[in-house]
Every structure is written in structure tokens, then in C-alpha cells.
Number of protein chains: 2
Amino acid sequence: MRICITNVLMTPGVTTQKDIPFIQDAQIHIVDHLIVYAGARTDAPAFEADEVIDGHGGLAMPGLCNMHTHTPMTLLRSIGSDLRLERWLNDAIFPVERHLTDEAVRAGTDLGIMEMLRFGTTSFNDMYMHMDMVAEGVRDSGMRAMLGHGVVDFDESCTDLIPGIAFAKKWHGSSNDRIRVSLAPHSEGATTEKVLRQIKQAADEMDLTVHIHVSETKLDRNECIERRGVTPPHYLEQQGLLERPVLAAHCVWLEEDEIELFAKRNVTIVHNPISNLKLASGIAPIARMLESGCKIALGTDGVASNNNLNMWEEIKLMPMLQKGNTLDPTVVSPAQTIAAATSVGASALGYDNLGLIKEGYLADIIIVAIDGAHICPCNDLQSDLVYSIQGSDVQMTMVDGKVLYHEGKYTTLDPKAVIARAKAEAALLFERANNEK
Amino acid sequence: MRICITNVLMTPGVTTQKDIPFIQDAQIHIVDHLIVYAGARTDAPAFEADEVIDGHGGLAMPGLCNMHTHTPMTLLRSIGSDLRLERWLNDAIFPVERHLTDEAVRAGTDLGIMEMLRFGTTSFNDMYMHMDMVAEGVRDSGMRAMLGHGVVDFDESCTDLIPGIAFAKKWHGSSNDRIRVSLAPHSEGATTEKVLRQIKQAADEMDLTVHIHVSETKLDRNECIERRGVTPPHYLEQQGLLERPVLAAHCVWLEEDEIELFAKRNVTIVHNPISNLKLASGIAPIARMLESGCKIALGTDGVASNNNLNMWEEIKLMPMLQKGNTLDPTVVSPAQTIAAATSVGASALGYDNLGLIKEGYLADIIIVAIDGAHICPCNDLQSDLVYSIQGSDVQMTMVDGKVLYHEGKYTTLDPKAVIARAKAEAALLFERANNEK
């Protein structure tokens, strides 16, 4: 399949630059999964396209990477709001999650993917249960994802690692490499040393990334110090886990030495500002982390603590929360923010050709309308991109060279069926949970 | 004109209740400007309507009140991002504002009103210059607003008060009482005692509300203490201003005694969480203020520090910012948040029949779609309303019984012309500003 995207303003994206570059009147040529040309239309080589996508003057940019979420939790959207974390988990979330079935998880996955595509997310990093269902949802929808079976192990039995490894072996690199897997010990508090050592060994053998929650709450940090004598980052270092590529979600309560350790070990910190505020976990010191050279990616976390999967809300919140919290308006630039939402995440998924619109890169591309009243008169597009744009401005979402969403229409999902199934499975789920009470 | 809104879920809105009430299968009857019935469809009296609005199962709710903004600043959207407040004002904003013309202000006003209507705002409270143009924009668009000429007076000349009073006399109660005016001394720091005393006297004579910036930054507070020996709230009390209805914008740096003073004096505090974060002003202690019985309304501030007029972003941020900052997830309920965005603001505009959907109330009503993937499966609509909904879910915006926006179409504005004019006026404005350099 040969696709030409035309009539767009384009940003190739951004890695560590100070400014986000833009190219007027751009054109992008795609052959199958790969970008073969991206640049000014007037410089474009001749190209016979099977399909031409008219961007109507919108902005073509790399797709967003939601680097920490629990997609099937869409079925639990908005439950347990305004509760303390322990009550939220024990009284609202766990009693329902116990009754999840394969069917419910698949329905929630499809709903989540539908929402992500609508708001311009082209890949996500997930940790949950019934992960075969999540993988099948990714496979069938055309999405890109890194998936890990969340390993919980309180008693050194390590039994939960078996499905984690089996899942990894089954799915890694599948669906034309759109699916990659991680090993996903839930957190320091929910695992034992024994299982972490086994995870390190398995990750070495299979060359996998480790995805883990780190110091989400002050309590997480304090309990780790009590149990292990060190903070979570140092404990992970002791267990050898930081020798692997690591996706560390949250990292709200990190002090200078821990930030330096994660910078040195090249850990990708996944910042989830909305979830951290809503669950009253706190405000992660992202500005300091960026200054120390840490890699910062962005995520929504599960929708039960958000309550949606619109990455544009995280994009707007990330820089302004740092400014407001440090009382310094100069910290966290638009370029750093867009990098966190795109290229940094894409690299952490393990690809070396993802997250930019560039020859040889995988074609994960979105087009965002920039003609709305809320962006006019477009004085500074870098700033508009971070602070003005709405998720609903996304007009087209392409993953791996395939259009999955375009102007209200999905190509791989039937939206009415997805919503009907999600509602039906949610009703059954809450019925099962209520019957138990 | 007799309008029937049908096929909607409805909330009559909320004032101080713990929960937001909802009525299934509701109907609303409107005659001219007023609601004559709002309740279950099955209980509705016979009603001959000139127009029937099908809500397609959406949520009918009171329109949003943006209680602190500078609408014409839409032309300055996104300029001066990431600068310190003094540089933002002195290097980015003031050098452009000096070159504003009537035409530019009118173009910016129309653009702002168009954006507000699209995102469900039905009234706003504004303080700026060239205010006749803002009033004409409100008059012609069908919007509702409280408008004040921003009075700045550094040298006891008080000359800026003359246009402020003239404006008030000209416009108060005009356009079928859709336009009300305030007297708007900019802030303690930008006015003298003499002008504040005159404003108090004029406000008494004309029975007007006072709109003023209070303790937006720590510097504002500290400089007031240096100059006046007391903090801004106590200074306003000394000048007698708190005997008037007061809209106090920002109030980021208020201590317990100041919060208690504002609660006692029934001041309406206008919280602008996005602007306060983006300009690094800080995080207002809204949870404590609510506990002390303060009235809290919500605003976007001008778009140059936001950078849009979408009140749903403030709605989501207000409660979660308090949770994250106090580390207490139980503070600030959905009901308190929706009240801040609707009924509290409506009362502060000086109406006793605005801000609820109720017989005898003014028909400022919006319909919000709740069938999107990002709201599904609608487990808890109170929480969805605050945390899941997007501004783009607004399907219909009615002010004073007149539909101003419905499913992509405006009835009083020509969107293409508004955007073209805003772009042209912005270009001229920046050209004038650049020529001066």
C-alpha cells in the first residue's frame, strides 16, 4: 500500500531540540509500514500513491505514545472517585477487578483503543491481567503496544511469573512487530526479592524491557525504606533490574540521589500527572528530572484515576504543573513536552525508527486540525500545540502505515458495537461484583 | 419564541448539595427568555412549541460562567509563553496591547465569544480596555456578560475612572439585561487609595459589583504589605470595597485570616487554575477556602496565559489540583466543582434567577453529548462530568432562551468571517507593535 499525505503543515517531531521545527506545505510518502519521504511538497520525488490523504491544512505530527496505562480499566471508568488510595483500591477497584473475565477485558480493551485512536494515540504501554485479550485487541485493531502481564507476588511463590513469561514468549514481536512485550513486576511493594531476581534473569534471556510502578505515593517510598532499608530506585538497582531497559511509572517521590541514579541508568520515567493529582499521590519533580538528564515519557494511567485516555490533557498539564509548583514559568518547554508525548516513549518501546516523521521510520502519524477558533490566530504554534489544542482536533490517526481513524470513522473497529459490548460487559461485571457483596 | 428541549438527561444544576441530581428522560419548556418547565417528560404540561430541540440523549445542564477573563486577548493567544510574569507583561503583552484599536478589540471579542459558545460558556465576566467594543460584541452575539473598564491609576489622577463610569452608565442592564457592568479597579498595585475611594462611592451610587485582581502572585501580596502595611484583602476592607459585592480574581496567596475575611464579606473568589499554573503564580488554597465557606467561581483568565477559553479544562483541573496539592483525594467534590462553574458565577453576575435549570430561571442552557467512547460506560455521571467530558462534547449552547450554537452551527456569528477578521486584525496589531520597536 502506497499512501501520500498532502496539504499539511508538518513537524517531523522533536527529540532534544530547544524548538519544535515545522515545515510548511509538506508531503509524506508511505510504502507499507514505512515513511519513504517526509518534507516540503515542492522537493518531493515523484510518487504513485494508491491513496491520497488530504490534510486540509492540518498539522501532521508523530502519533502520541501513552506510556503507562491499564487499558481494560475503561470498564471501571469513574468508579471510586474522590476516595483515598487504599479505599479506592480495596473498596472500589479490587472487588470489581476480581470478577473480570476474558470477555470483559477484551471489551474494555477495544473501548480503550477506540478512545486512544480518536485522540491521536498510536501506541501504548500496558500492564494488567488477562493480557492475551489485550494483545488480541491490539492485534485486531492495528494499534501498536508494549504489553506486560502484571506480576504480583507477596509470598515468594512466584507463580504469577509463569503466565507473565508465557505471555511474553507468545506475543513478543507479533503482528508485524506491532506488539512487543515487557516483564511487568507490579511494584516493589507487591513483589518479593525472589521474583524480581527471576524477572531480571528472564528479561536478560529474552532481552526484554521491565515495566514497574515506582514511588507512586509517599507511603510506597516509606514502606520500601522500612522493608528494604533503601528507597525503591536503589532497591531496583540492588536487584540488578536497572541493567535492563526500565519503564518506571509515576516516580512522584524521588529525591536528588534517586533522580541521578535513574538518569545514570537511562531509566525512562513515565509521568502521569492527572492520575497523580486525582489520587492525591503528589506532584512528581519532572522539571528537576529533566534538568538531571532523565528521560521523561507521558501516560494517562488507567481511566479509573483520570478519567479518560486523552493524552492532550497530560500534554497541557505536564509543563504548567511544573511551572506552578516550582513558581518558575521557564521550566519545561513545549519541545520537551512534545518529546515526552512522542519520541521518548517511542524509543522506550524499543524501536529505533519510531516517534519521528522521517525517512525510514515507521508510519505512526496523526493529523491535527489547527483551524479552530481556540487556536486562532495561531501566533505561536509550539505553544498552541501544548496549551490550546483539544484531543477532538485529531482528524486522522495512522499506525504502521494504516489509517485506523479518519474524520470520525474507524477502519478496524465498529464504534457502535464496541460501545454496546463495553456497556454490556460492564453491566455484567458490576452485577457479578455486587452479587458477591 | 416557545422552545421545547426533549430527549435529554437533565441536571437542574447544583448550588451547595453534596450530589449532583439527574433527571432521566427530561423535558424543558422555554418561553422567550425564561424556563417555564423543567422536569420529567412524563410530568410535563401540554406545550405548543415553535421549535423542538432533540438532545439525542445528551445531558442538559446550566451553561458555564467564565468568571474572569479578558476576552479580546484572544488576538494575543500563545504569545510570551514560558516567560516570567514581569517579562511576560513588559516584553510580550504590554508592547502589543498599546497598539490595540477598537477594530482589533472587536475582532478579538467575537473570536472569544465564538470559542466560548462552542465549549458551552453562556456568560462571562470581563475586565479590559476599549470596552464599548466588547459590549457591542456581547450585544450582537446574544452572549451574556458582566463587563468592566479596567481602571489603572498610578498617580492619583483618577482620569481612568471617567471612561469606567461612562461605560457603566451606558451599558448596565442593556440588551434585555444580558449586559451588566462592574467597576473594575485593576488591582491594589495598579490603583491609588484615592481612586479606590471614588470607585467605592460610584459603586454605591450605581449599585454595582467590583471586579478586581487580588494576590495573584506572592509579589503582589508582599508589595501591598510594604506599601499599605496590610495584605490586599485587608486593604480592600479598609477602603470599604468589601461592602460591595466583589469578584476577586485569583486569590492565590491568601492566609487563613484573609480567607475568613472574604468568607465573612461574601466575596466571590474567582479561581483560574490554568493561568495560575502557567504563569507560575502558584496554587490557590481552594479546598481550605471552600471549607471556610468562601464562594468559589471559575475562570479561564485571558488566553495569553491559558491558552484557550475551554472552561471544561478548568473544571477538571480545579478538584484534582487541590487533591494533588493537599495530598487528600477527598477534597473538592464534583458538586462543588460544577457549582463553581455554573451557579456560583451566575449569582455573582447579580441575577437571582440564573445558573439553574428551573421554572422562572433565565434559559442559559447547554446540551453535552455523553455517548462518546471517553465517557463510556457511564458508571458515575457526576465524576464523568468533571473528569471525562471534553469541551467538544457540547452540542448546543443557548443564552437567554436563544440557541447561539447547535451541532457545529452558530446562529449569530459567521465563523469563517470571525476567524478571517481575527487573523487580519492580529496581523495588523503585531505589525504596528513591530514597527514601534
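Residues numbered from 1 in each chain as written. Chains lettered and ligands numbered in written order. Predicted model: local features only at pLDDT ≥ 70, side-chain atom pairs only at ≥ 80, totals over all residues. Heavy atoms only, no water.

K.L.:
Looking at this structure, I do not really get the sheet that holds strand 7 (residues 121-128) of chain A. What am I missing?
P.N.:
Within a sheet, adjacent strands bond to each other through the backbone by hydrogen bonds, running parallel or antiparallel. Residues and elements named next belong to chain A. Reading across the sheet, the eight strands line up as 6-7-8-9-10-11-12-13 and stay open at both edges, with parallel pairing between neighbours. The two strands at the open ends of the sheet, each matched to only one other strand, are strand 6 (64-69) and strand 13 (295-298). Each strand of the sheet is rotated relative to its neighbour by a mean of 25°, with strand direction disregarded. Bridge analysis of strand 10 (residues 209-214) against strand 11 (residues 246-250) gives five bridges, and the strand direction is parallel. Each residue of the ladder has a partner; that of V210, found in strand 11, is V246. Each of strand 8 (144-151) and strand 9 (179-185) touches helix 4 (residues 161-171); the most contacted strand, strand 9, lies at about 165° to it. (Pairing = 2+ DSSP bridges. Helix = DSSP H or I, 4+ residues; strand = E, 2+ residues; numbered from the N terminus. Axes fitted to C-alpha atoms, helices over the stretch in contact; angles between N-to-C directions. Contact = heavy atoms within 4.5 Å.)

K.L.:
Before we go on, may I ask you to explain the sheet that holds strand 7 (residues 121-128) of chain B in this structure?
P.N.:
All names here are of chain B. Spatially, 6-7-8-9-10-11-12-13 is the arrangement adopted by the eight strands of the open sheet, whose pairing is parallel. Because the sheet does not close on itself, it has two edges, and the strands there are strand 6 (64-69) and strand 13 (295-298). For this sheet, the mean inter-axis angle between neighbouring strands, taken without regard to orientation, is 25°. Relative to strand 12 (residues 268-271), strand 11 (residues 246-250) is paired through three bridges, and the arrangement is parallel. Looking at strand 12, one finds that A248 is bridged to I269. Together, strand 6 and strand 13 form the strand contacts of helix 13 (residues 334-341), whose direction differs from that of strand 13 by roughly 65°.

K.L.:
Would you take a moment to explain unusual backbone geometry for this structure?
P.N.:
With the exception of glycine, most residues fall at negative phi, and the peptide bonds are largely trans. Here C376 of chain A and P377 of chain A are connected by a cis peptide whose omega angle stands at 5°. Within the secondary structure, P377 of chain A sits in the loop between strand 14 (365-368) and helix 15 (381-387). Looking along the chain, the bond that leaves N306 of chain B and enters N307 of chain B is cis, with omega of 5°. Tracing the sequence through the fold places N307 of chain B in the loop between strand 13 and helix 12 (311-326). If you check the backbone angles, D82 of chain B has positive phi at about 65° while not being a glycine. With respect to the helices and strands, the residue D82 of chain B is situated in the loop between strand 6 and helix 1 (85-97). Classification of D82 of chain B as buried rests on a relative accessible area of 17%. (Buried < 20%, exposed > 50% of the residue type's maximum accessible area, 1.4 Å probe, protein only.)

K.L.:
Would you mind showing me how to read the interface of chain A and chain B here?
P.N.:
How big an interface is tends to be stated in terms of the accessible area lost upon association of its parts. Taken together, the contacts link 61 residues of chain A with 62 residues of chain B. Interface of chain A and chain B: buried area, both sides summed, is about 4,700 Å²; carbon and sulfur atoms make up 60% of it. Looking only at chain A, the three residues that lose the most surface to chain B are D82, P329 and C376 of chain A, adding up to 12% of its buried area. Connecting chain A to chain B are six salt bridges. Where chain A meets chain B, there are 38 residue pairs in polar contact (both at pLDDT 80 or more). Residue assignment for the side of chain A that touches chain B shows that the elements contributing at least two residues are helix 2 (102-118), helix 10 (273-278), helix 12 (311-326), helix 15 and helix 16 (415-436) of chain A. Per-element tally for the side of chain A that touches chain B: the top contributor is helix 12 of chain A, with eight residues. For the side of chain A that touches chain B, the per-class residue count stands at 28 nonpolar, 20 polar and 13 charged. (Buried area = accessible area lost by both parts, 1.4 Å probe. Salt bridge = Lys/Arg side-chain N within 4 Å of Asp/Glu carboxyl O. Polar contact = N/O pair within 3.5 Å; in protein donor to acceptor, adjacent residues only side chain to side chain. Nonpolar A, V, L, I, M, F, W, Y, C, P; charged D, E, K, R; others polar.)

K.L.:
Please explain the relation of the copies chain A and chain B as it appears in this structure.
P.N.:
A rotation about an axis combined with a shift along that same axis relates the two copies of the chain. Between the two copies, chain A and chain B, the superposition gives an RMSD of 0.0 Å; the rotation angle is 180° and the shift along the axis is 0.0 Å. Here the symmetry operator amounts to a two-fold rotation axis. For chain A, the residue whose C-alpha comes nearest the rotation axis is S392 of chain A, separated from it by 3.3 Å. When you check the interface residues of chain A against chain B, 100% turn up at the interface there too, and the contact is symmetric in its surfaces. (Least-squares fit on C-alpha atoms with pLDDT ≥ 70 in both.)

K.L.:
It is not clear to me how the packing of aromatic side chains should be interpreted in this structure. Could you clarify?
P.N.:
Aromatic ring pairs are reported here in terms of the distance separating the ring centres and the angle at which the planes meet. Tallying each qualifying case throughout the model produces four aromatic pairs over all chains. In this arrangement the basic side chain of R180 of chain B is found over the ring face of Y351 of chain B, its NZ or CZ atom lying 3.8 Å from the centre. Directly above the aromatic system of Y387 of chain A lies the positively charged group of K278 of chain B, at a separation of 4.4 Å from the ring centroid. (Phe/Tyr/Trp six-rings, centres within 6.5 Å; stacked < 30°, edge-to-face > 60°. Lys NZ or Arg CZ within 6 Å of the ring centre and 35° of its normal.)

K.L.:
Quick question: what am I supposed to make of the packing of helix 2 of chain A against helix 16 of chain A here?
P.N.:
Any two packed helices are characterised by how steeply their axes cross, that is the angle between the axes, and by the distance between the axes. Residue and element names in this part refer to chain A. With their axes 9 Å apart at the nearest point, helix 2 and helix 16 run at an angle of 140° to one another. Of the possible angle classes, the one that applies to helix 2 and helix 16 is oblique. In terms of crossing hand, the pair formed by helix 2 and helix 16 is left-handed. Counted together, E103, A104, R106, A107, D110, L111 and M114 of helix 2 and P415, V418, I419, R421, A422, E425 and R432 of helix 16 form the full contact between these two elements. Taken together, the residues that form the contact of helix 2 with helix 16 break down as eight nonpolar, no polar and six charged. (Parallel < 35°, antiparallel > 145°, perpendicular 65-115°, else oblique. Left-handed = near helix turned anticlockwise from the far one by under 90°.)

K.L.:
Could you clarify how one ought to interpret the domain arrangement of chain A in this entry?
P.N.:
Residue and element names in this part refer to chain A. Under the domain assignment, chain A is made up of domain 1 (2-62 + 354-410) and domain 2 (64-348). In this structure, domain 1 and domain 2 have C-alpha centres spaced 27 Å apart. Of the roughly 2,600 Å² buried between domain 1 and domain 2, counting both surfaces, carbon and sulfur atoms make up 66%. D400 is paired through a salt bridge with R144; the nearest N and O atoms lie 2.9 Å apart. Where domain 1 touches domain 2, the interface holds eleven residue pairs in polar contact (both at pLDDT 80 or more). Contributions of two or more residues to the side of domain 1 that touches domain 2 are made by strand 5 (59-62), strand 14, helix 15, strand 15 (394-399) and strand 16 (402-406). Here the side of domain 1 that touches domain 2 is composed, by residue class, of 20 nonpolar, nine polar and four charged. (Domains from an automatic or database assignment.)

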